[in-house]
Amino acid sequence: MNLFDQMLSRYEILTDIDSVNAQHEVMQQVALAGLYRGGFFNKAAFYGGTCLRIFYGLQRFSEDMDFSLLQSEVDFRLEDYFESIKMEFNALGRDVVIYKKKKKIQTNVESAFLKDDTAVYNMQFRTERTIKIKIEVDTNPPLGFITEEKFLLLPFSFMARCYTLPDLYAGKMHALLFRSWKNRVKGRDWYDFEWYVRNNTPLNFQHLSERTIQFGSLPVGELTQNNFIQILKEVILKTNIEMVKADVRPFIKNPVELDIWSTEYFTHLADMIRFEI
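Residues numbered from 1 in each chain as written. Predicted model: local features only at pLDDT ≥ 70, side-chain atom pairs only at ≥ 80, totals over all residues. Heavy atoms only, no water.

Caption draft 1: Local environment of helix H7 (residues 205–214). Buried within H7 we find Phe205, His207, Leu208, Ser209, Arg211 and Thr212. The inward-facing, buried residues of H7 contact strand S1 (44–47), strand S7 (158–163), helix H5 (165–178) and helix H8 (225–238). Taking the backbone nitrogen of Gln206 as reference, a side-chain oxygen 3.1 Å away marks Asn204 as the first, capping residue of H7. Backbone geometry just downstream of H7 places Gly216 in the positive-phi region, at approximately 75°. (Buried < 20%, exposed > 50% of the residue type's maximum accessible area, 1.4 Å probe, protein only. Helix = DSSP H or I, 4+ residues; strand = E, 2+ residues; numbered from the N terminus. Contact = heavy atoms within 4.5 Å. Polar contact = N/O pair within 3.5 Å; in protein donor to acceptor, adjacent residues only side chain to side chain.)

Laid out in structure tokens, this is it:
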């Protein structure tokens, strides 16, 4: 059994969805190892749901990988790190294809999550089906965040630079408030929101404000600590919680934990948010 298969063997795989989730996560870990070898974390940090899953213990699987440069760099190219990622997969007996994705025209709100200065890449390999992971790198990031080094044992021992939890929380709340998927919802945002409240994580409101301004989600000064909870409650009232549950269900092992989810439940969670001092 090669190391890639050994990494997969750590997961309980009972269904096709389990298999896809496990393969996604092992691919993500191998990609992180390749980025580390290439020196990527000297100038960038990992954030988003996949970061929360791999390094902070979130109990749901995740698909995409989100990174932020530590400071703006117009000419940044993830292509410079392709070779180190491919070499890491090759060392485990796998071939991977990585290519830059051309972005479609976005609406103003959607551009908050696919900005002109966010580079998008796809990474994929073929097993019995094609497994693909989207990688996004914000080359002109909103500031006001702090990073820390987090440790991963496989495929070898290495450190990855990650956003701290209060800043990850800020990014998640920005997504929950302003993500526009037309008639769809991203239930994974709501699962993560619950996780932060359950773990008594303080929210870095300064970074949330920076994201709101820099992504063009609201005019400067329109989001304050005083009105944030009210805006969040308005979003909760307009959201179809059954659609939220349906979206997140394939990514979790115990769907029963969603039984309590309702408009009233998330409204109570909103009242439990605490801000970083």
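Don't stop here, the text continues.
Caption draft 2: Representation of the side chain of His24. The topology assignment puts His24 in helix H2 (residues 16–37). Apart from the residues within four sequence positions on either side, His24 is in contact with Ser62, Glu63, Ile131, Lys132 and Ile133.

Caption draft 3: Just unusual backbone geometry, in detail. The linkage connecting Leu154 with the following residue, Pro155, adopts the cis geometry, with an omega of 10°. Structurally, Pro155 is set in the loop between strand S6 (147–152) and S7. A positive phi angle, close to 55°, is found at Asn200, a residue other than glycine. Residue position: Asn200 is located in the loop between helix H6 (187–198) and H7.

Caption draft 4: Up close: the pairing of S6. One ladder, built from six bridges, connects S6 with S7; its direction is antiparallel. Along S7, the bridge assignment pairs Glu149 with Arg161. Between S6 and S7, which pair antiparallel one after the other, the connecting turn spans five residues. (Pairing = 2+ DSSP bridges.)

Caption draft 5: Molecular detail of a nonpolar patch on the surface. Residues Tyr36, Phe151, Leu153 and Met159 make up a contiguous nonpolar surface patch of about 400 Å² in total accessible area. The class of Tyr36 is partly exposed, set by a relative accessible area of 38%. (Patch = residues over 30% accessible without salt bridge, like charges linked within 9 Å, V, L, I, M, F, W, Y side chains within 5 Å. Areas by Shrake-Rupley, 256 points an atom, 1.4 Å probe, with all protein chains shown as cover. Salt bridge = Lys/Arg side-chain N within 4 Å of Asp/Glu carboxyl O.)

Caption draft 6: Inspection of the packing of aromatic side chains at higher detail. Following the criterion strictly, the structure yields 25 aromatic pairs and no others. Here the aromatic rings of Phe156 and Phe158 are separated by 5.2 Å at their centres, their planes lie at 50°, and the arrangement is tilted. Accessibility expressed as a relative area gives 18% for Phe156, which makes it buried. Classification of Phe158 by relative accessible area gives buried; the value is 2%. Here the aromatic rings of Tyr191 and Trp261 are separated by 6.3 Å at their centres, their planes lie at 50°, and the arrangement is tilted. Pair noted here: Tyr191 is in helix H6 and Trp261 is in the loop between helix H9 (241–248) and helix H10 (263–271), with a separation of 70 residues, a long-range link. Taking relative accessible area as the criterion, Trp261 reaches 2% and is therefore assigned buried. Linked through ring pairs, Phe40, Phe41, Phe46, Phe55, Phe67, Phe76 and Tyr81 together constitute an aromatic cluster. One cation-aromatic arrangement involves Arg37 over Phe156; the distance from NZ or CZ to the ring centre is 4.0 Å. The ring of Phe61 has Arg53 lying over it, and the distance from NZ or CZ to the ring centre is 4.1 Å. (Phe/Tyr/Trp six-rings, centres within 6.5 Å; stacked < 30°, edge-to-face > 60°. Lys NZ or Arg CZ within 6 Å of the ring centre and 35° of its normal.)

Caption draft 7: Examining the state of the cysteines more closely. Counting across every chain of the model gives zero disulfides. We note that Cys51 lacks a disulfide partner, and the nearest cysteine sulfur, in Cys162, lies 3.7 Å from it. Residue classification places Cys162 among the buried residues on the basis of a relative accessible area of 0%. (Disulfide = S-S within 2.5 Å.)

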